[in-house]
Amino acid sequence: MPSVSTEALVTPGASAAPSAATTTDSLLSPGRPGYRRMSFALFAAGVATFALLYSTQALLPAISAGLGVTASQASWTVSAATGALALFVLPLSALSERFGRRTLMTVSLAVAVAVGLLVPFAPNVEWLVALRAVQGAALAGLPASAMAFLAEEVRPKALVAAIGLFVAGNSVGGMSGRIVTGWVAQLWGWRAALGAVGLLAVVCAVVFRAMLPKARNFTSRSLSPRVLAKTVAGHLADPLLRRLYAIGALFMTVFGAVYTVIGYRLVEAPFNLPQGIIGSIFLVYLVGTVSSAAAGRLVERLGRRGALYLAVGTTAAGLLLSLADSLAAVLLGLVLITAGFFAGHAVASSSVSRTAKTGRAQASALYQSAYYLGSSAGGTLGAIAFHAGGWAATVALGLLAVLGVVSVTLYGSHAARAERRRSLAGTRARGLATD
């Protein structure tokens, strides 16, 4: 049976209708055999993916102390993973067309888990960064295939719920990985903490492979680098898509900088928090679940640009509030930064799939590349800023990125008004010619 269009690939929340040749009986839905197993499998994959991807972020102060490196050097253990993921999302999305979503997800997760079991034994920071880069590249196969698998194998009416479980696994993995590493590191050290995440990922990988049903609606397609390059070039030539990619990267620069460096700030005076408590700070991520869900309603009330301005204002307020030497103020600042980031990310990422009329898979893959490159840049630059000028310098970097979002959005508003004027002038000219 022919597969769904590649536009379902890597499109967060995408809903691609099955082809006419795909029978309703072959699609999964709640209550039908295989649906619950598929949901648990992809939830487990989501947990493993984000637990592994950000496994070192809450441990950076401990890694710095253990390996005798600076904050900026330790931050590369996060930036290398997210940067490699950004570089490999697009090519792996193409490979899934040839070898199948299920196969690519299985291989990607297996490689990432195997590397995860080696990471705790890295003898120095260079080896640690190299292993994390390989791990990030392997993990790129999960977001590149999961959405397409769901679009091909699940009934359209049940697709949103199925994707919601996968995304929930992402957020649970990202949060729990940081919390687990924080408490384990406090008791037994950072190497044991990374080992605990590796074992968690092993369990998730076994559950994923054992429970994921075989694909019934996938047909292998030959790889066409020329077609892929043409599609990517078309997206990069679109001014609105370029602006959305820039917004996603800039928002993630703020987020990556803040959460990479916050552990260093809280472990020092006047806070002097233990590693376990610092790991628990990542419970703030739950705020992002709420704000991203509310983004749709914000767009309905304020429009896309209005929602972006609100997200920017909330993020900036959080950055400024976090400057205070009060734990309550810092925590409230993190809440505002997290809420603003997730709302802005939701608006920008949803706008990408709405803007791209063709090749939505590649359009979303490009957004993810920009997004994770922003994370990589934010983590590294934020740590460099902190090393040079403390938390205030990291906040300044975040505010500069926020100003970038405002500038891009204002430019977009100006371009839209200019386009409307040109369109109106053209309509009037045609009217005069007709008269």
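This text goes with the structure placed above it.
S.K.: Just to check I follow, could you spell out helix 2 (residues 60-67) for this structure?
M.R.: Looking at helix 2, one finds that the buried residues are Leu60, Pro61, Ile63 and Ser64. The arc that holds the buried residues of helix 2, viewed along the axis, is 165°, so those residues lie on one side. For helix 2, the exposed residues lying more than 90 degrees away from the buried face are Ala65 and Gly66. The inward-facing, buried residues of helix 2 abut helix 3 (71-99), helix 5 (125-139), helix 8 (190-211) and helix 10 (239-267). Following helix 2 by one or two positions, Gly68 adopts a phi angle in the positive range, close to 65°.

S.K.: So what exactly am I meant to see when it comes to unusual backbone geometry here?
M.R.: A negative phi holds for most residues other than glycine; trans holds for most peptide bonds. In this model, Ala269 is joined to Pro270 through a cis peptide bond whose omega is 5°. Note that Pro270 resides in the loop between helix 10 and helix 11 (275-280). Despite not being glycine, Asn272 has its phi angle at roughly 55°, a positive value. In this structure, Asn272 sits in the loop between helix 10 and helix 11. On the accessibility criterion, Asn272 (52% relative accessible area) is exposed.

S.K.: Looking at this structure, I do not really get the pattern of salt bridges. What am I missing?
M.R.: Pairing of side chains with opposite charge becomes possible as their charged atoms draw close. In the structure shown here, the tally under the stated rule is one salt bridge. Residues Asp325 and Arg265 are paired through a salt bridge, measuring 3.1 Å at the closest nitrogen-oxygen approach. Here Arg265 lies in helix 10 and Asp325 lies in the loop between helix 12 (285-321) and helix 13 (327-355), a separation of 60 residues in the sequence. Using a relative accessible area of 58% as the deciding quantity, one classes Asp325 as exposed. A residue is classified by how much of its surface remains accessible, and Arg265, at 7% relative accessible area, is buried.

S.K.: Looking at this model, I keep getting lost on the packing of aromatic side chains. Mind explaining?
M.R.: Here the structure, examined in full by the defined rule, presents 10 aromatic pairs. Ring plane angle 35° and centroid distance 5.4 Å describe the contact between Tyr259 and Phe282, whose orientation is recorded as tilted. On the criterion of sequence distance, the pair formed by Tyr259 in helix 10 and Phe282 in the loop between helix 11 and helix 12 is long-range, its members being 23 residues apart. Each member of the pair, Tyr259 as well as Phe282, carries the same accessibility label: buried. Ring geometry for Tyr371 and Tyr372: centres 4.9 Å apart, planes at 85°, overall edge-to-face. Under the relative-accessibility criterion, Tyr371 is labelled buried at 11%. For Tyr372, a relative accessible area of 6% puts it in the buried group. By the ring-pair criterion, three or more aromatic residues cluster together here, those being Phe255, Tyr259, Phe282, Phe341, Phe342, Tyr367, Tyr371 and Tyr372.

S.K.: Explain the side chain of Ser351 to me, please; I cannot follow it from the model alone.
M.R.: Note on placement: Ser351 falls in helix 13. A relative accessible area of 1% places Ser351 in the buried class. A distance of 2.7 Å separates a polar side-chain atom of Ser351 from the backbone oxygen of Val347. Those residues in contact with Ser351 that lie beyond four places of it in its chain are Leu244 and Arg304.

S.K.: I tried to follow the packing of helix 2 against helix 3 on my own but got confused; where do I start?
M.R.: Two elements in contact, helix 2 and helix 3, have axes separated by 9 Å at closest approach and are oriented at 120°. In terms of orientation, helix 2 lies oblique with respect to helix 3. The handedness of the crossing between helix 2 and helix 3 comes out as right-handed. On the side of helix 2, the interface is formed by Leu60, Ile63 and Ser64, while helix 3 contributes Ala71, Ala74, Ser75, Thr77 and Val78.

Basis of the calculations
- Residues numbered from 1 in each chain as written.
- Predicted model: local features only at pLDDT ≥ 70, side-chain atom pairs only at ≥ 80, totals over all residues.
- Heavy atoms only, no water.
- Buried < 20%, exposed > 50% of the residue type's maximum accessible area, 1.4 Å probe, protein only.
- Helix = DSSP H or I, 4+ residues; strand = E, 2+ residues; numbered from the N terminus.
- Arc of directions from axis to C-beta.
- Contact = heavy atoms within 4.5 Å.
- Salt bridge = Lys/Arg side-chain N within 4 Å of Asp/Glu carboxyl O.
- Phe/Tyr/Trp six-rings, centres within 6.5 Å; stacked < 30°, edge-to-face > 60°.
- Polar contact = N/O pair within 3.5 Å; in protein donor to acceptor, adjacent residues only side chain to side chain.
- Axes fitted to C-alpha atoms, helices over the stretch in contact; angles between N-to-C directions.
- Parallel < 35°, antiparallel > 145°, perpendicular 65-115°, else oblique.
- Left-handed = near helix turned anticlockwise from the far one by under 90°.

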